[in-house]
Amino acid sequence: MSRIDRLADQSADAGNRVYDWMNARFDLDSGRKFLGKAFPAEDSFLLGEVALFCFLLLVLTGMFLGMFFEPSTSDVKYEGSVAKFQGEEVPEAFASVLHITYDIPFGMFIRRMHHWAAHLFVASIGLHMLRVFFTGAYRNPREPNWVVGTALAGLSMGAAYTGYALPFDEFAATATGIGYNLATSIPLVGEVIGKAFFGGEFPSSATIPRLYFIHVLIIPIAIGVLLAIHMMILVRQKHTEAPRDDDVRGLTPKGGQPTDGAVTSDGGTESVVPKEDDSVVVGLPAFPNQTAVSAVVFFLTLATVAMLAGFLPVHNIAEYGPNNPAGTPELIMPDWFLMWVYGLLKLLPSWMSFTIPVVGIHISTEFVGGVLLPTLVFGIIAVWPFVDYHDKSVHFTANPLDRSWQTAVGVAAVQFIMIASIAGMNNLLGRALGVGTGVINPILTVALFVVPIGSGLLTYRILEDSTEQEHARQYTEQAEEADDD
Amino acid sequence: MRRETVAILLLVVAVLLPMWYVALHGEPPSEQVEIDQSVTEMRPLQEIVDTPEKLAPSQVGVIVWVALFGLVGVLTAVHRFMDSAVRANRSDDTTVTDGGQVGLPWFWTDDRWVVEYRDASDAIEGIVAMGGLTILAIVFATLFTGEYLTLARTQYFGVYAMGMFVSLALLTVSYYAWFLPHVEVAERRGH
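UniProt lists chain A under the name Probable respiratory nitrate reductase subunit cytochrome b-561, from Haloferax mediterranei. Under the Subunit heading, UniProt states for chain A: "Probable multiprotein complex; a catalytic heterodimer of an alpha and beta chain is proposed to associate with additional subunits involved in membrane attachment and electron transfer."

Following this line, the structure appears as structure tokens:
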């Protein structure tokens, strides 16, 4: 054997030798069984993966941005390439974001990717939760994972909010100031929360460092931990599965008893999983089949974010300029996913502000609309599996059309959030219609209650009628079959 | 689609579309930021197509949801293609039942077993597709790197990165469709 042949043999065997070396130290063989985990091949089940990959992208792009960002509000003389700020004293945070955006190759692209991934992260979590809600995938035994998912949704919004503030430009600083006012409106603990999260009176020199610390360390760690818990619960409980069309036939499990044994012609035994048996999950093995599907999701998610980042700006701070405590931007609004909270704030009448007698605790409309009601909404979402509680475990997903009251509640909830969001944009609506917000607000207040309740009732009626018709049809068919017999 | 589904979707869309209509009235058009070319040679704002200079958060909300729905649509189409391609044009369209254990060792445990196994077709069109897509991915990666070393134009980065990631996605799809055995396993939940 020539030296080259020996080298070729050695290199061909290198993978096995590395595996053996690792296996001797970490007992990899014992973990190999996880590679075969069954993942049902449902299209809508991929939404959670979109969210997961967005988070990964956020971490990676965030590392790049973190190398150049300066979390400081101290003024520095801007000497970068954006003409209109050259020679001006601007906050260091603002200058560093301009530097990232206009003077570092990839900078604008990576910054935009970070922003769009953040928005896609929140949206995909939202859509994932809607899928889980409408198909009843939160039911026993998956209540804990629904609660974890709700917390992840809240944290994703928190991550986006804290990141929004960091460039310390006029637009973001004003919007972030609304958050500060809400935080400090909380009775008894508001001042402490203001100090803890915003470093005291907003904006102070401690605000940006504090929000930066929360944005790059505390929230990502919390998200990472909750994602790990989410995944561990998923692995332990196995995935939900869509109802099967037919029984599933296959070979008997290794060393186990077949569900319905039948000897095949070649001596093997065949097992049958009845289509209604949800004690068994059927799907693609985690590796290599599901891994390949996940890789496709990963690349297409990246392609979507890359396309958005290439063509559309997000939070173009050079257009807004640095924070100006004396000025007010023409347009003030939070990120789109907090628009409904902003809408509640705008619609709540000022007379809802009151002071509790004897104890003297002041309850402001900011607190009611911006903290209490959103907390209530998130609380209801979190405890929903215990409202729609099932004693027995359920592993098949449900058809939303077969769950009349739950689907009705879901439709009503979605419409409530959407109308509250329209209220958050009442100035834009007024501009579009050519009327003042004073005219629009009472209409939106009525719509906030009437439309969701009306839609919910209508949905319920439609689905109940459909169920009754289906029962009547089945009854007629059974009667006809009985007559034929 | 069932009549009830259409009715409920119409109810949701009846509020969604007005919300999006209002949201799109965010920021009016504005001037492009002027870059002093004596400070940098980069051209991050040089455009292939004219796009807005700034977007209000409300406009961002509409765009990201449209993008998400688009992504979900593409994923669904690709996922279904992958699923159908591995089953198409096979003479051995039954589960392998040779009494032995097919596939990789970890497919089989005391609580897991194979319920469907189809060998990969290894068709010649798969090799052509993978070869073409590999070249495409390399071309886009090269252009992406070249852009970094020259003008660093953001829209070009977007096109090249998107092309690269789409090529890689389709490369994986091709591998899945033509060269990966289709396997389904059943697994007891209570372990």
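Still more to cover.
Asks: Give a detailed account of the environment of His128 of chain A, specifying residues and quantitative values.
Replies: All names here are of chain A. Tracing the sequence through the fold places His128 in helix H6 (residues 107-134). Distance from His128 to Val371, taken between C-alpha atoms, is 25 Å for residues 243 residues apart in sequence. Non-local contacts of His128, meaning those with residues more than four positions away in its chain, are made with Leu47, Gly48 and His230.

Asks: Mind laying out helix H4 (residues 47-66) of chain A, listing which residues take part and the relevant values?
Replies: With 20 residues, H4 of chain A extends 28 Å between its outermost C-alpha atoms, agreeing within 8% with the 28 Å of an ideal straight helix rising 1.5 Å per residue. Residues Leu47, Glu49, Val50, Ala51, Phe53, Cys54, Phe55, Leu57, Leu58, Thr61, Phe64 and Leu65 of chain A constitute the buried set of H4 of chain A.

Asks: So what's going on with the interface of chain B and chain A? Residues and values would help.
Replies: Taken together, the contact between chain B and chain A spans 100 residues of the former and 121 residues of the latter. Summing the contributions of chain B and of chain A, the shared interface buries around 9400 Å²; its carbon and sulfur component is 72%. In this assembly, chain B and chain A are joined by two salt bridges. Linking Lys37 of chain A and Glu187 of chain B is a salt bridge whose minimum nitrogen-to-oxygen distance equals 3.2 Å. Our count for the contact surface shared by chain B and chain A stands at 24 residue pairs in polar contact (both at pLDDT 80 or more). Contributions of two or more residues to the side of chain B that touches chain A are made by helix H1 (3-23), helix H2 (57-85), strand E1 (112-118), helix H3 (124-149), helix H4 (154-179) and strand E2 (182-188) of chain B. Class assignment for the residues of the side of chain B that touches chain A results in 61 nonpolar, 22 polar and 17 charged.

Asks: Please give an account of the domain arrangement of chain A that cites residues and values.
Replies: Residues and elements named next belong to chain A. Domain assignment breaks chain A into domain 1 (35-241 + 285-339) and domain 2 (243-282). In this complex, domain 1 contributes five residues to the contact, which on the side of domain 2 involves five residues. In total, domain 1 and domain 2 occlude about 410 Å² of area from one another, counting both sides; carbon and sulfur atoms represent 54% of this. Seen at the junction of domain 1 and domain 2, the total is one salt bridge. Arg244 is paired through a salt bridge with Glu241; the nearest N and O atoms lie 2.9 Å apart. Grouping the amino acids of the side of domain 1 that touches domain 2 by side-chain chemistry returns two nonpolar, one polar and two charged.

What counts and how
Residues numbered from 1 in each chain as written. Chains lettered and ligands numbered in written order. Predicted model: local features only at pLDDT ≥ 70, side-chain atom pairs only at ≥ 80, totals over all residues. Heavy atoms only, no water. UniProt positions renumbered as here; feature names shortened; annotations may be inferred. Helix = DSSP H or I, 4+ residues; strand = E, 2+ residues; numbered from the N terminus. Contact = heavy atoms within 4.5 Å. Expected span 1.5 Å × (residues − 1). Buried < 20%, exposed > 50% of the residue type's maximum accessible area, 1.4 Å probe, protein only. Buried area = accessible area lost by both parts, 1.4 Å probe. Salt bridge = Lys/Arg side-chain N within 4 Å of Asp/Glu carboxyl O. Polar contact = N/O pair within 3.5 Å; in protein donor to acceptor, adjacent residues only side chain to side chain. Nonpolar A, V, L, I, M, F, W, Y, C, P; charged D, E, K, R; others polar. Domains from an automatic or database assignment.

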